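A closer look at the structure
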Protein chains: 4
Amino acid sequence: MSVSAINPNPAPTPSIAPPDIVRCAYMELIVTDLAKSRAFYVDVLGLHITEEDDDAIYLRSFEEFIHHNLVLRKGPIAAVASFAYRVRTPEDVDVAEAYYKEMGCRTERRSGGFTKGVGDSVRVEDPLGFPYEFFYHVDHVERLTQRYDLYSAGELVRLDHFNQVTPDVPRGRAYLEDLGFRVSEDIKDSDGVTYAAWMHRKQTVHDTALTGGDGPRMHHVAFATHEKHNIIQICDKMGALRISDRIERGPGRHGVSNAFYLYILDPDDHRIEIYTQDYYTGDPDNPTVTWDVHDNQRRDWWGNAVVPSWYTEASLVLDLDGNPQPLTKRTDSSEMEVTIGADGFSYTREPGEKGGEKGFKVGSQL
Amino acid sequence: MSVSAINPNPAPTPSIAPPDIVRCAYMELIVTDLAKSRAFYVDVLGLHITEEDDDAIYLRSFEEFIHHNLVLRKGPIAAVASFAYRVRTPEDVDVAEAYYKEMGCRTERRSGGFTKGVGDSVRVEDPLGFPYEFFYHVDHVERLTQRYDLYSAGELVRLDHFNQVTPDVPRGRAYLEDLGFRVSEDIKDSDGVTYAAWMHRKQTVHDTALTGGDGPRMHHVAFATHEKHNIIQICDKMGALRISDRIERGPGRHGVSNAFYLYILDPDDHRIEIYTQDYYTGDPDNPTVTWDVHDNQRRDWWGNAVVPSWYTEASLVLDLDGNPQPLTKRTDSSEMEVTIGADGFSYTREPGEKGGEKGFKVGSQL
Amino acid sequence: MSVSAINPNPAPTPSIAPPDIVRCAYMELIVTDLAKSRAFYVDVLGLHITEEDDDAIYLRSFEEFIHHNLVLRKGPIAAVASFAYRVRTPEDVDVAEAYYKEMGCRTERRSGGFTKGVGDSVRVEDPLGFPYEFFYHVDHVERLTQRYDLYSAGELVRLDHFNQVTPDVPRGRAYLEDLGFRVSEDIKDSDGVTYAAWMHRKQTVHDTALTGGDGPRMHHVAFATHEKHNIIQICDKMGALRISDRIERGPGRHGVSNAFYLYILDPDDHRIEIYTQDYYTGDPDNPTVTWDVHDNQRRDWWGNAVVPSWYTEASLVLDLDGNPQPLTKRTDSSEMEVTIGADGFSYTREPGEKGGEKGFKVGSQL
Amino acid sequence: MSVSAINPNPAPTPSIAPPDIVRCAYMELIVTDLAKSRAFYVDVLGLHITEEDDDAIYLRSFEEFIHHNLVLRKGPIAAVASFAYRVRTPEDVDVAEAYYKEMGCRTERRSGGFTKGVGDSVRVEDPLGFPYEFFYHVDHVERLTQRYDLYSAGELVRLDHFNQVTPDVPRGRAYLEDLGFRVSEDIKDSDGVTYAAWMHRKQTVHDTALTGGDGPRMHHVAFATHEKHNIIQICDKMGALRISDRIERGPGRHGVSNAFYLYILDPDDHRIEIYTQDYYTGDPDNPTVTWDVHDNQRRDWWGNAVVPSWYTEASLVLDLDGNPQPLTKRTDSSEMEVTIGADGFSYTREPGEKGGEKGFKVGSQL
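Note that the structure is predicted; figures quoted are calculated from it, not measured.

Thresholds applied
Residues numbered from 1 in each chain as written. Chains lettered and ligands numbered in written order. Predicted model: local features only at pLDDT ≥ 70, side-chain atom pairs only at ≥ 80, totals over all residues. Heavy atoms only, no water. Contact = heavy atoms within 4.5 Å. Buried area = accessible area lost by both parts, 1.4 Å probe. Salt bridge = Lys/Arg side-chain N within 4 Å of Asp/Glu carboxyl O. Nonpolar A, V, L, I, M, F, W, Y, C, P; charged D, E, K, R; others polar. Axes fitted to C-alpha atoms, helices over the stretch in contact; angles between N-to-C directions. Helix = DSSP H or I, 4+ residues; strand = E, 2+ residues; numbered from the N terminus. Parallel < 35°, antiparallel > 145°, perpendicular 65-115°, else oblique. Least-squares fit on C-alpha atoms with pLDDT ≥ 70 in both. Buried < 20%, exposed > 50% of the residue type's maximum accessible area, 1.4 Å probe, protein only. Pairing = 2+ DSSP bridges. Polar contact = N/O pair within 3.5 Å; in protein donor to acceptor, adjacent residues only side chain to side chain.

1. Re the interface of chain C and chain A
Chain C puts 14 residues into the contact, and the matching count from chain A is 14 residues. Three residues, Tyr148, Asp149 and His229 of chain C, lead the burial of chain C against chain A; their summed loss comes to 41% of the area buried on that side. Seen at the junction of chain C and chain A, the total is zero salt bridges. Partitioned by chemical class, the residues of the side of chain C that touches chain A number five nonpolar, four polar and five charged.

2. Side note on the packing of helix H4 (residues 228–240) of chain A against helix H4 (residues 228–240) of chain B
Put simply, H4 of chain A and H4 of chain B touch, their axes get as near as 10 Å, and they point 100° apart. In terms of orientation, H4 of chain A and H4 of chain B fall into the roughly perpendicular class. Contacts from Lys228, His229 and Ile232 of chain A of H4 of chain A reach H4 of chain B at Lys228, His229 and Ile232 of chain B. Class assignment for the residues of the contact of H4 of chain A with H4 of chain B results in two nonpolar, two polar and two charged.

3. Let's talk about the relation of the copies chain C and chain D
For the pair chain C and chain D, the relating rotation is 180°, the translation along its axis is 0.0 Å, and the fit reaches an RMSD of 0.0 Å. What the rotation and shift describe, once combined, is the action of a two-fold rotation axis. Of the residues that chain C buries at the interface, 100% are likewise interface residues in chain D, meaning the two copies contact each other through the same surface.

4. A few points about the pairing of strand E13 (residues 217–224) of chain C
Residue and element names in this part refer to chain C. Taken across its eight residues, E13 has eight buried, putting it largely inside the fold. One ladder, built from seven bridges, connects strand E9 (residues 158–166) with E13; its direction is antiparallel. The residue bridging Val165 from the neighbouring strand is Arg217, located in E13. With four bridges connecting them, E13 and strand E16 (residues 271–276) associate as parallel partners. By the bridge assignment for E16, Val221 is matched with Ile272.

5. With respect to the side chain of Glu155 of chain A
All names here are of chain A. Secondary-structure assignment places Glu155 in the loop between strand E8 (131–135) and strand E9 (158–166). A polar contact is formed between the side chain of Glu155 and the side chain of Ser152, at a distance of 2.9 Å. For Glu155, the contacting residues outside a window of four places in its chain are Gly46, His48, Phe62, Leu150, Ala224, Thr225 and Asn230.

6. Quick look at the interface of chain C and chain D
Between chain C and chain D, the contact holds 41 residues from the first and 41 residues from the second. Of the roughly 3,500 Å² buried at the junction of chain C and chain D (both faces included), carbon and sulfur atoms supply 57%. Linking chain C with chain D are six salt bridges, by the criterion used here. The partner of Arg242 of chain C in a salt bridge is Asp295 of chain D, and the shortest N-O contact between them spans 2.8 Å. Between chain C and chain D we count 20 residue pairs in polar contact (both at pLDDT 80 or more) in total. Of all the secondary-structure elements, those providing two or more residues to the side of chain C that touches chain D are helix H4 (228–240), strand E14 (247–253), strand E15 (260–265) and helix H5 (308–312) of chain C. Taken together, the residues of the side of chain C that touches chain D break down into 16 nonpolar, 13 polar and twelve charged.

7. Comments concerning the sheet that holds strand E2 (residues 48–52) of chain A
All names here are of chain A. Read from one edge to the other, the open sheet built from eight strands follows the order E2-E3-E4-E1-E5-E8-E7-E6, with strand pairing classed as mixed. Each end of this open sheet is capped by a strand with a single partner; those strands are E2 and strand E6 (107–110). For this sheet, the mean angle separating the axes of adjacent strands, direction not counted, is 20°. Relative to strand E7 (residues 121–125), E6 runs antiparallel, the two being bridged by four bridges.

This is how it looks when you write it as structure tokens:
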């Protein structure tokens, strides 16, 4: 599919086929206090340490067999150093390098990898300004799948997806579709404005999603649990630790993706989603679901309010020199402005009926 | 215990022992459209019909063996006709009648009962203005406990408690303690103002609770589920039916009671709580838990906001002639005013630290 | 109710009222290797240590506020030193002492208690040969109810009940009914033989149960979890620890009590049940459920086989000198013999139809 | 990988690439009493009817968007008419036809499909004697994913996999690997005998598995639920309906696949598995897990016995004329014989220790 009619993609599709991306594999987060971040990701969330040193901690989820899903690296400012994807073959790393070079993107190749545990990799500054990484070679480590002696009540079992903030969603969507991602769901309005899109390589709702806003920024990184009660336990534990103010939004049921979700904030305000039970998307003609931006069940199936910070706050991303990428303002309508507060509206049933007008929903007061 | 130092109870404790109350047993709700209410309680919530006619529907929960836990009766205005308690012996009905007569309360005795399925009963207008009922004789019906062929994904298995709005909580508490209720938890401030109290006869956190506000009014009636996912399913189903605007608050974890909860509204705006997993309170010295009104985890352990309507809205109650009781204004501080909005404050950790000051919690914006 | 018609009770009901028993409170287990037992109860099951020394470990469940629910005491042979019940007032300890003295039972009173954390207590050798204890005074400790930072995936939240093996169930039942227990469920056959009975003081299905067999012996002690998945996690963890051979029976759904259950064995073969979601029994006329011994859903609602060891194995109990009580053989029919193997039968539907005769159920082969 | 060293594959790999199989899509079951089967699959299991007539019922799971996952067709003898796989493109149907023709297999092509809702398809009698079907064109129907108003407590949300009985597992494995399946797990012994293998196309543990035994026969077809409690509800409901004798095995936790499982039997003794929570297998180097046949946690992580019928009973499969395929005896060792009963053994810990020898596990008695 080409959406260039909607918005010309300044990064023309390369003449060569894109690399065969398997899945989102890990994110490298720059954190300002490694000890505080360790307390959050290891003591509170229970991610498993594969390896750590004075500069970085390598963490993996319960059912992972590659070296890590998350790297916490000490740095001067909180940001994201890499969104890393695994490709199908070693040759796909060469393909990725050539693919981005042809788009005129800056790339950096390291045969020894950019992090411990990972081999030959290429990092690029992609057309949207995000630091993408592609690798095949990676150390295999113990898959803890049946280590129930280590299974916590709120266990995180898989890395599920990334979420990126970009000003021009159709442009980003066209770029990612060219790269081989397929759209599972999106949010639009009757004027054809696209507010967000969910895109996958593995057979889930997404490996990454695009959220309209000033970008490039990282909106969140998501880990999956087995069941809903595991997510509730994470909330209960944060209450017990008296850090409930770090619960930003949820838990709730997403309209988009149908997953049960929770958003929490790490010590640097990097946003983490805990997520479970979306659906299979592996068929070639998997139906794409489009939501009306004014449907107040699109982001929370129960109609609970999306807090403003969830729309406005996100993490900076770094260029290949480790400097924050400058932000480009979103010029299309803002989902927050068109849906909540004085100027916006949402409906529970069809527009006009305004099932949501009663005063009791927090959010109506925003 | 006597709290008369805090607030003299105009209804002096009778000279006789109070009736031996076993538990809250059923509520009689006046609804304005029986068909709409049936759709809500039977089709959406799945309560089981014991009996119905053109004027009333008698409903019970899955594990109940008495005739009903809820009566829906058609009437001109939405209200509550009775908060009914079961007593231990037939003689306790005589005791209850005498007890309230000695307090100077209006009483009405009906050997045939006030509803189908219930025998000899007394209804009273209690010192707080609520229509209380006491009965022992009741028809036994099939207990559906193992009828898993009828078990819905959001099954309501027990009536758990009532919640009443009254202006003077200490006065109401003293009256109910005299009546044999014991306090499991309460909410106070450093000035000694009591905002709410939870009181039980059966071995759970409460059979009824008192919430400070203009009263007498009925704040909610609560049904229990087996597990947390049952409550999530009720939210998911209301979303599917496009009535998410009838989800007022939650789901969440209570601070008080530790139960997992949800508040929804019926077609007449009667508030229903779905509730699961509080704790055992049967020991004579069960510790009473007192919460600081400024602790923002007291009503939601995750610090999620209590919506204003939850504080302000409640159902009228009827006198023995079926007329709405006039309301008395609360003169003590309002929990809503002291905790949210411009004039109030809440804390996540200890006061001063203001863990909750960050902008992202809905509620801070209220 | 009197069952003396069925079987004369050699211990005549005392002339005085029995003590007011609140609930089963703790069991004192004699274990032969304290370190091994600690590994099982603390490291595997996650019970919380209130106090420990070289001779004993005092453990409590997550929602308990009294000093302990289980005492592990080092001793020469595996046995049970006490089935301890909490009574409503200090005076009830005097009543208990007098009550058993009048029955001609040996009693021992200790104002300082028999274990740490417990005050004035009396222990008796009851008419069935069991070491019963009654106490009121007990140290209060931190109730961990909202300490979700300590909440394990298989958390045990309450002590639920004891289960005792005795040869003459009707005699034992009459004795316990005189003591104030009420029968919630039982298992009988058409000849009037009683195979087991469940008896409660608190508002659950039981505080203790009587299982027909050579006695006096302790069949099991049961702890409750919040939800079913917590029990599954205990199985999964025992699999991960390669001690699945210590899972004796289950998990499954009981017919009797309707609870979801699991039976496991500690290092001394003391049997522990993990149990969740039985039902409220607090009403004075709570219906008693009687099961046919030949109904193969009575002990497992899914018709899964009861393993022979579950019928035949149990723990010795001690007299007040610490010597094992001699066993009296059961003379009534054996539930195992009448229900499984060559001579017994069970049915899935009504007798005759023999829905269970197909070959695929393990147990048919026993 | 080639296993021809283990066992020469009489069906040489075709010269052309195999069809690109997406996933197992549906099974066509021949049932002898359509009304009885409808009661089982619709009333008990809650599968959703897409379409039905006097000869057949077309059923789908909750999250399915293609016409059906299961066809129940009335016929003279209980059997399986087709194991149907969806392929990636219309052309893959041509490829499949050519691929099997080159192997010398009988094929039948129908441009209008073999069942309602499905278009151009090819059915083949594969080298192992199974009726395989390949199709791309299929009607899209309402995906019920968020129709929580239709969500039952034991809802089946996806078709997960098939399981086939074949005498020579290595031969079957080689054939399926040539066809593009990848092995996630298998069961072997120290002599190199393979007892079973799990093979996938979609990113789960399997789309089909091979179980060693007299074949070709269909061992079971499996549907997935969201959570473990959904499976427990199915057991509870079957108990309530007094058909617990149709629960053959489980519920339990598999060693292989790590899924929580249940096996039940339909009115014709076709075996259905209910299955949840295996793991992601989409990476090109997903580690293959090999289990020792003597490890008694391989098929049940909790060491619970596999009932003999589970090893011995299976459904016949039909040739393209609708006649049952003759069975070929397995000549390799039988998993049942080497693991249970007088001649077999299993271990809980390492061999020799024989942690399982204690008498309490049913199965030891078999």
